[in-house]
Amino acid sequence: QVQLVESGGGLVQPGGSLRLSCAASGSIFSINDMGWYRQAPGKQREWVASSSSGGSTKYADAVKGRFTISRDNPKNRVYLQTNSLNSEDTATYYCNAEIVSTARSLLSVWGQGTLVTVSS
């Protein structure tokens, strides 16, 4: 069994910052891509950023220059540093990872989400 657990969400004022964390645990052989998605109320889930196992990163246009994704491979963790937050960033943020289990199964695993609310 493999799971992802996010943390770090909360209430922040416009212009503020939050650092989201996601930890993978369980029967993990290796992890390929890790990424962050978000879902605002009444909207579809959208991709935010991703990081390959080799460290290459990609960002959605809406967050480019404001958000930074990083990984700690030995700890099976991925982070999302969010800066210059505005009301449009209010959403539940989900971590996703492509994980090879110890049984050599390829799994796409989602976390339970962490809520980010940007409001004064």
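You'll find the structure just up there.
Calculation rules
Residues numbered from 1 in each chain as written. Predicted model: local features only at pLDDT ≥ 70, side-chain atom pairs only at ≥ 80, totals over all residues. Heavy atoms only, no water. Phe/Tyr/Trp six-rings, centres within 6.5 Å; stacked < 30°, edge-to-face > 60°. Lys NZ or Arg CZ within 6 Å of the ring centre and 35° of its normal. Helix = DSSP H or I, 4+ residues; strand = E, 2+ residues; numbered from the N terminus. Core = buried A, V, L, I, M, F, W, Y, C linked by side-chain atoms within 4.5 Å. Buried < 20%, exposed > 50% of the residue type's maximum accessible area, 1.4 Å probe, protein only. Contact = heavy atoms within 4.5 Å. Pairing = 2+ DSSP bridges.

A. The arrangement of the packing of aromatic side chains in detail. Evaluation of the coordinates by the stated rule reveals 1 aromatic pair. When the ring centre of Trp 110 is taken as origin, the NZ or CZ atom of Arg 45, which lies over that ring, is 4.7 Å away. A cation over an aromatic ring shows up here: Arg 104 above the ring of Phe 29, its NZ or CZ 3.6 Å from the ring centre.

B. Main features of the environment of Ser 25. Note on placement: Ser 25 falls in strand 3 (residues 18–26). Ser 25 sits 24 residues away from Gln 1 along the chain, and the two C-alpha atoms are 8.4 Å apart.

C. Main features of the nonpolar core. Counting residues in each nonpolar core, the largest one holds 30 residues, and the members touching the most others are Leu 4, Trp 36, Val 48, Leu 80, Tyr 93 and Ile 99. Of all the secondary-structure elements, those providing two or more residues to this core are strand 1 (2–7), strand 3, strand 4 (28–39), strand 5 (46–51), strand 7 (67–72), strand 8 (77–82), strand 9 (91–101) and strand 11 (114–118). The element that contributes the greatest number of residues to this core is strand 9, accounting for 5 residues. Beyond its immediate stretch of four places on either side in the chain, Ile 99 contacts Val 2, Leu 4, Ala 24, Ile 28, Ser 30, Ile 31, Ser 105, Leu 106, Leu 107 and Val 109.

D. Structural view of the pairing of strand 11. Along strand 11, the buried face is formed by Thr 114, Val 116 and Val 118; none of Leu 115 and Thr 117, which line the opposite face, is buried. Of the pairings in the sheet, the one linking strand 2 (residues 10–12) to strand 11 comprises 3 bridges and is parallel in character. The partner of Gly 10 across the bridge, within strand 11, is Val 116. Strand direction decides the pairing type here: strand 9 and strand 11, joined by 3 bridges, are antiparallel. Bridging from a neighbouring strand, Tyr 93 pairs with Thr 114 of strand 11.

Note that all results are geometric; they support no functional claim without further evidence.
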